[in-house]
Structures are given as structure tokens and as C-alpha cells.
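Read off the chains here:
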Amino acid sequence: MAWLYSAATIVGLGSIVKFGQNVADTLLAETHCYQGVRTNGAAADADVNCFSVSSTGRFTNVFSAGSDSELAKTAHPGYAMPGLWDGHGHLLQYGEFLNSVDLFGSTTMDEIRGRVSKYVDENPGAGSAQEWIRGVGWDQMALGVMPTAICYRRIFLMSLEEKSLETREWAFSVTTPSPPVMALWPKPDDKKKAGFLKSAMRRLNQYGLVGMHDAGVSAANLNLFKELAGSEDWTIRVYAMAEYYDRNAICPDPVERYNDPNGFLSIQSVKLFADGALGSWGSAMIDDYADRPGVSGSLLVNASELTYRAVSWATKGFQVNIHAIGDLANRYAVDAHTAALRLLCPCESLADCQARHRFRIEHSQIIHEDDQARMHAIGIIPSIQPTHATSDMAYAEQRLGKDRTEKEAYRMRSLLDIKPVLGSDFPVEPADPFQGIYAAVTRKSPHTGRGANGSPDGWHTEEALTLDQAIRGFTEGPAYGGFTEGNTGVIRPGAYADWIVLDKPLEDVDIEELRSLKVRETWVAGKRVYNRD
Ligand SMILES: *[C@@H]1O[C@H](CO)[C@@H](O)[C@H](O)[C@H]1NC(C)=O
Ligand SMILES: [Zn+2]
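Conventions used here
Residues numbered from 1 in each chain as written. Chains lettered and ligands numbered in written order. Predicted model: local features only at pLDDT ≥ 70, side-chain atom pairs only at ≥ 80, totals over all residues. Heavy atoms only, no water. Core = buried A, V, L, I, M, F, W, Y, C linked by side-chain atoms within 4.5 Å. Buried < 20%, exposed > 50% of the residue type's maximum accessible area, 1.4 Å probe, protein only. Helix = DSSP H or I, 4+ residues; strand = E, 2+ residues; numbered from the N terminus. Contact = heavy atoms within 4.5 Å. Pairing = 2+ DSSP bridges. Near = heavy atom within 4 Å. Polar contact = N/O pair within 3.5 Å; in protein donor to acceptor, adjacent residues only side chain to side chain. Areas by Shrake-Rupley, 256 points an atom, 1.4 Å probe, with all protein chains shown as cover. Phe/Tyr/Trp six-rings, centres within 6.5 Å; stacked < 30°, edge-to-face > 60°. Lys NZ or Arg CZ within 6 Å of the ring centre and 35° of its normal.

An unreviewed UniProt entry annotates the protein chain as Amidohydrolase 3 domain-containing protein of Xylaria multiplex.

Peer 1: Can you help me understand the nonpolar core in this one?
Peer 2: Buried together is how nonpolar side chains tend to be arranged in soluble globular proteins. If you look at the biggest cluster of nonpolar residues, it comprises 87 residues, and the most contacted ones within it are Leu91, Val238, Val320, Phe434, Ile437, Leu506 and Leu514. At 7 residues, the largest contribution of residues to this core is made by helix H11 (residues 327-344). Those residues in contact with isoleucine 437, other than ones at most four positions away along the chain, are Leu467, Ala470, Ile471, Phe474 and Leu514. Formed by 15 residues, the second largest nonpolar core is a distinct cluster that contains Val48, Val53, Val490 and Trp523.

Peer 1: Just checking my understanding: could you explain the pairing of strand S20 (residues 521-524) for this structure?
Peer 2: In regular strands, side chains alternate between the two faces of the sheet. Residues Glu521 and Trp523 point to one face of S20 and Thr522 and Val524 to the other, with burial holding for every one of them. With 3 bridges joining them, strand S19 (residues 499-502) and S20 adopt antiparallel strand pairing. Looking at the pairing, isoleucine 500 lines up with threonine 522 of S20. The pairing of S20 with strand S21 (residues 527-531) spans 4 bridges and is antiparallel. Directly across from tryptophan 523, in S21, lies its bridge partner arginine 528. The turn linking S20 back onto S21 is made up of 2 residues, and alanine 525 within it adopts a positive phi angle of 50°.

Peer 1: Is there a simple way to explain the pairing of strand S5 (residues 76-82) in this structure?
Peer 2: With 5 of its 7 residues buried, S5 lies for the most part within the structure. Note: strand S2 (residues 30-37) against S5, 3 bridges, orientation parallel. Paired with valine 37 across the bridge in S5 is alanine 80.

Peer 1: Hey, could you run me through the site of ligand 1 in this one?
Peer 2: In the vicinity of ligand 1, the contacting residues are Asn302, Ser304 and Glu305. One nitrogen or oxygen atom from the side chain of asparagine 302 is found 2.3 Å from an oxygen atom belonging to ligand 1. In the complex, the protein chains occlude 26% of the 370 Å² of accessible area that ligand 1 would expose alone.

Peer 1: Looking at this model, I keep getting lost on unusual backbone geometry. Mind explaining?
Peer 2: Peptide bonds are, in most cases, trans, and in most cases residues other than glycine have a negative phi. At the junction of phenylalanine 426 and proline 427, the peptide bond is cis and its omega measures out at 5° in the coordinates. The backbone phi angle of asparagine 40 is positive, close to 70°, even though this residue is not glycine. In this structure, asparagine 40 sits in the loop between S2 and strand S3 (50-53). The phi dihedral of phenylalanine 483 falls on the positive side, at around 60°, and the residue is not glycine. The exposure class of phenylalanine 483 is partly exposed, given its relative accessible area of 27%.

Peer 1: What is the right way to look at the packing of aromatic side chains in this model?
Peer 2: We describe a pair of aromatic rings using the distance from one ring centre to the other and the angle between the two ring planes. By the definition in use, this model includes 10 aromatic pairs. For the pair tyrosine 34 and phenylalanine 51, a centre-to-centre distance of 5.9 Å together with 40° between the ring planes defines the contact as tilted. Taken as a pair, tyrosine 34 in strand S2 and phenylalanine 51 in strand S3 lie far apart in primary sequence, 17 residues in all. Each ring, one from tyrosine 410 and one from tryptophan 459, has its centre 5.6 Å from the other, and the planes form 65°; the classification is edge-to-face. Pair noted here: tyrosine 410 is in the loop between helix H15 (396-408) and strand S18 (421-422) and tryptophan 459 is in the loop between helix H16 (433-442) and helix H17 (467-473), with a separation of 49 residues, a long-range link. Note on accessibility: tyrosine 410 and tryptophan 459 belong to one class, buried. One aromatic cluster is present, formed by Tyr34, Phe51, Phe59, Trp499 and Trp523 through successive ring pairs. The positively charged end of arginine 237 is found above the aromatic ring belonging to tyrosine 496, 3.9 Å away from the centroid. Between arginine 358 and the ring centre of tyrosine 480, over which it is positioned, the NZ or CZ distance is 3.9 Å.

Rendered as C-alpha cells:
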């Protein structure tokens, strides 16, 4: 229950018109007190337990109420902290995933049948010409066979076989008869997409997320986002990277920069792609794979083309974010960013120029030491998914060999000075940010609680983060990497009033508990969007 200044108090203070807007906002603010508040701000904020929120959805006062004060007596149970951000996810695809049969972890055909029939029971109408049943998470290794389309009921089951994907981006591998099925599949219309977005946002709020960076949105979907942002159901702040159908095009339908005044949608960045996935030996490497002599992966575009595209978008005023997994792709991404910065700021240091343009490398998975040094020198931002490290640890060293794994792969701690953005890549990995925090701190799988090959020890813990660093990677990191620092990821006067409430301060939570931690409440722009009870 929020503590609200009564109308009588305001009237009693005389004519409100005489006050400036800030004063009026403060007087009209709602005040919330908790058992404790982590502000993510200065150390001096250590004993903060209350904050006020204006009618426009921003924090006004952030303060400490003495334990015997009237305010402190009204404190809600629980501990507040800034709402979390996922620095790399796929919103619409996550909504589609939530509206599919979840096949993850099923190891027998009976289990598959069971899950499909349960879905059909719960979703009347599923299986019609307009409502195909999609299944996600078919594990051909466990099941021994590839899925096929069963046409009479219009079911098709797909495996989320990211290990065989061209890129590590969202995609399914559909097997026989894949092309006809994909061609016949009724593409979701805008109404359906709006439903996907709504269910995605609801679920993300439930995990304690208040914002996300969408790593690739088509021009058509960006228009839909613009229509929907600001509506009642839009409860996640979205920093959307523009992406095109052919993934790297420069001259498709023009995309304009766009910033919703209330901070619910920002379009000012582009996603470019350099290479593919490590699991399928698709990531572009400087040297051959350790387990496939003669094979070094491949680039999706050559180096000069990547630079040309980066420069083109940069000069249109866009932040350039390049998907790069292998060390060759990362090298060319650094080259492309460097060329664009030189062009943008011919008379300035690259680091100063980069501080304004904030070019990023999405995934930043395997980076040669020389290129790590260049990233540090310029401040090129690594966008990292801690659970990718723990999903890949099973085979990464096999692919890369010991030396490359130690010097180049899945770095986190050694990149801290260049403001890493942490995320999950949902729906490729679970969206729960506490699982990402767990993976970053322990370098163990949040799924199993184990390191590589079932080891009780974390994988390359020399690159692990502290809890505080990991939290900042899901708050301050995305804020800087999305140009919202001071407005998001922090509880301070003027910032967006986005916060979550936990049962205990995160510092007091046993690290293993992070794997299943459930938030009590999530608030966005001063409104409660999720309540556990
Ligand atoms: C790089 O790719 C572009 C576009 O496909 C092509 O025009 C160009 O010739 C290629 N450059 C090299 C060096 O292969
Ligand atoms: Zn992605």
C-alpha cells in the first residue's frame, strides 16, 4: 500500500500554482518505504529506505526515514532495488515461444505427445488452419529422430537447435518437410504479434525485468512497436536495434531515429551480423578449429562490406551493434567500428568519439588478445550473455583448444572497464536475469548448478564477476549501452520510477538460491506491473 500525500495536505499548503513544476511533482508524489533500498547510486545512499514517485512516473525524492518516523512505520515488507534490464533479447520471438508447446527437456515421444495434447486441451482452436501448433525445444540427440510436420492436424514441431544454426541468433531448424511447412505456415498478423508482445512483457515483468534491448527488429515490426508503445499493455521499456530482412542491408525502407518521450521505446541503433555459431563450427576464426583442422568458420559478409555498412549506418546517426562470435568476426567488428569512429570524429581521439557513439559488439565471445587491447583502448562495448558461456562450456574447449579458451573466450571480468552490457539472448536462453547473474558470478549452469562436464567448480572462474558487478551488468551496463544512464538502472531523483521488490537484499541471498529466486513485485513508471501474491 502506497503512502499518499492527502489532498488536504496539498490544499493546506496554499495555492499550488505558485510552485514550480518540480515542487508540484514532489507534493503530488506517492511515497514508498521498504525495509531497505538498494539505489545503485553513491555509497552515501546506504541507509535509504524511502522514495517518492511523481505522477509522471519518475523518482522525485530518495531518502532515509528514521526508524521511529511515521513514514518508516508505513514501510512495505521487502527490499527494493532498481528494475533489471536485459541487454540482448528478442521480444517478439519470446512471445511466440511462450505461445508454443514447450518441448524442452522431453526425452521420449510419449512425453512429446503428452505435452502437445495438454497444449491442445488448454488452447481450444489450436490445430486449425489459422492456429497451427508450434512446438519448440525438440532435442534430436535425446529423441534420436528429427521432427516432422504432421500435416493433417497442422502441427509442426521444431527444435531449438541453436548448435546447428547459421548464426547464434533466434531461429529454428525445421526438418523435413521444412520448406513447404514454412511456406504454408500462417504468418502472424499485427494483432497476433501484439498478443505475443503482451505475453512476453508480462513474463519479463514477472522475472523482475523493466526494460530490454531488442537485438534486431524489422522495419515493419518497428512501426508496430511505435503504435503500441505507451499503451496499457506495454510494460517493458524497449531499446530496439533496427534489423533488415537480409540482415545487413543499408537501403531498405528508411528507419528514422525515434525516442518516445516517456522512455518506452527508443530506436537509434542498428544490428549488423558478422558471423555464425560456435557449436556448428560457423563462427569465423583467425585459426582453424581445434577439432576440425582445415575449418575456420565463415563470415556472413566480408570485412570491407562490414566496414562499409557500419560506416553507412554510423553516418546516419545510428549506434552500430555488430553480432560477432569468432575471433576473426570480432577483429573485423573492431575494424569496422574504428573506421566509422575515424570518419565521425576526424579530429578527436577514438575513445572520446566512442564515448558519444557507444558502438557495441553483440556476444563478444572469442576475441584475440590484440583485439581485446583495441577494445579496451577505444572503449568498444562488449554485450555479453553469461548463460552462453555456461551453455557452451561443454564443448567450447574442444572447438578452441586450451590456449585460445584461456586467452580469448567468454571474458567478463577482464572487460569490466569497458562497461559490459549483460543479457540473456532470450528465447535462446531463459529470460530470468537472476539465472544470468548466477552464471556470471559462479560460471556454472543455472540449470544444473554445475560447471563443465558436471564439475562442482565453475568454468574459468578467473573471468567471474562479483554479485555487485553482475547486478550492475543488468542495470548500469544496459543503461550506458542504450544511452539511458541516469534514467534507468538506478534509484535517484529524476530517474524513471522502475523498481523491483525482493524478499531479502540480494547480498543476503545464498548464491544457489539465485537459480530459483522469485521477485515479489515489479514497478514500471511508478505503476505496479507484477505482484507475486
Ligand atoms: C566483399 O563483398 C562485397 C559485397 O558482396 C563484394 O562486392 C566485394 O567484392 C567483396 N570484397 C572482397 C575483397 O571479396
Ligand atoms: Zn540474439
